[in-house]
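Fold and geometry: a report
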Amino acid sequence: MASAEILEAAVRSVFSRWTLLRLAVDQGWSDGDGAANANALLASLLALLLRDKKVFVDEVEDLLFDALEGKFNALAEDGSVEEVATLLLKLRAECAAGNFA
């Protein structure tokens, strides 16, 4: 399995465990199809994480905050965006280093 595929699986796993995002999708907070909006967020996030240049935590946080507010009508004031952004960058670094355990 390629590094990009492993990273995608890891991001999907994080998304499936992120309470705020799950609530937004499951409770219909989204403008339109919540699952489709979550998949669009995943695609945007992967495009950011898979680029060759350095990705900063504030870039990931901004993407997540903007999507939650714009697509899911949710304000994340629980610190979860910062936690998820930091975790995703750690996963990206592990994948880039070939640490797939």
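Presented here is an overview of the structure given in this document. Quick caveat: nothing in here was measured; it's all calculated off a predicted structure. (Residues numbered from 1 in each chain as written. Predicted model: local features only at pLDDT ≥ 70, side-chain atom pairs only at ≥ 80, totals over all residues. Heavy atoms only, no water.)

1. Focus on the packing of helix α3 (residues 34-49) against helix α4 (residues 57-72)
The packing of two helices is summarised by the inter-axis angle and the distance between the axes. At a minimum axis separation of 11 Å, α3 and α4 run at an interaxial angle of 165°. The orientation of α3 with respect to α4, classified from their angle, is roughly antiparallel. Pair α3 / α4 crosses with right-handed handedness. Residue-level contacts link G34, N37, A38, L41, S44, L45, L48 and L49 of α3 to E59, V60, L63, L64, A67, K71 and F72 of α4. Partitioning the contact of α3 with α4 into residue classes produces 10 nonpolar, three polar and two charged. (Axes fitted to C-alpha atoms, helices over the stretch in contact; angles between N-to-C directions. Helix = DSSP H or I, 4+ residues; strand = E, 2+ residues; numbered from the N terminus. Parallel < 35°, antiparallel > 145°, perpendicular 65-115°, else oblique. Left-handed = near helix turned anticlockwise from the far one by under 90°. Contact = heavy atoms within 4.5 Å. Nonpolar A, V, L, I, M, F, W, Y, C, P; charged D, E, K, R; others polar.)

2. What to know about the side chain of R92
Summarising the element assignment, R92 is placed in helix α5 (residues 80-97). The buried charged residue R92 lacks any salt bridge, with D52 as its nearest oppositely charged partner at 6.6 Å. One polar contact links the side chain of R92 to the main-chain carbonyl oxygen of R51, over a distance of 2.8 Å. Sequence-distant contacts of R92, defined by excluding residues within four places in its chain, comprise L7, L49, R51, K53 and V55. (Buried < 20%, exposed > 50% of the residue type's maximum accessible area, 1.4 Å probe, protein only. Lys, Arg positive; Asp, Glu negative; His and termini not counted. Salt bridge = Lys/Arg side-chain N within 4 Å of Asp/Glu carboxyl O. Polar contact = N/O pair within 3.5 Å; in protein donor to acceptor, adjacent residues only side chain to side chain.)

3. Quick look at the pattern of salt bridges
Applying the stated criterion across every chain yields a total of three salt bridges. Among the salt bridges present, the one from R12 reaches E8, with a minimum N-O distance of 3.1 Å. Taken together, the residues R12 and E8, both in helix α1 (residues 3-17) and four residues apart, mark about one turn of the helix. In this structure E8 comes out as partly exposed when scored by relative accessible area, which is 29%. E59 serves as the salt-bridge partner of R51, at 2.6 Å between the closest nitrogen and oxygen.

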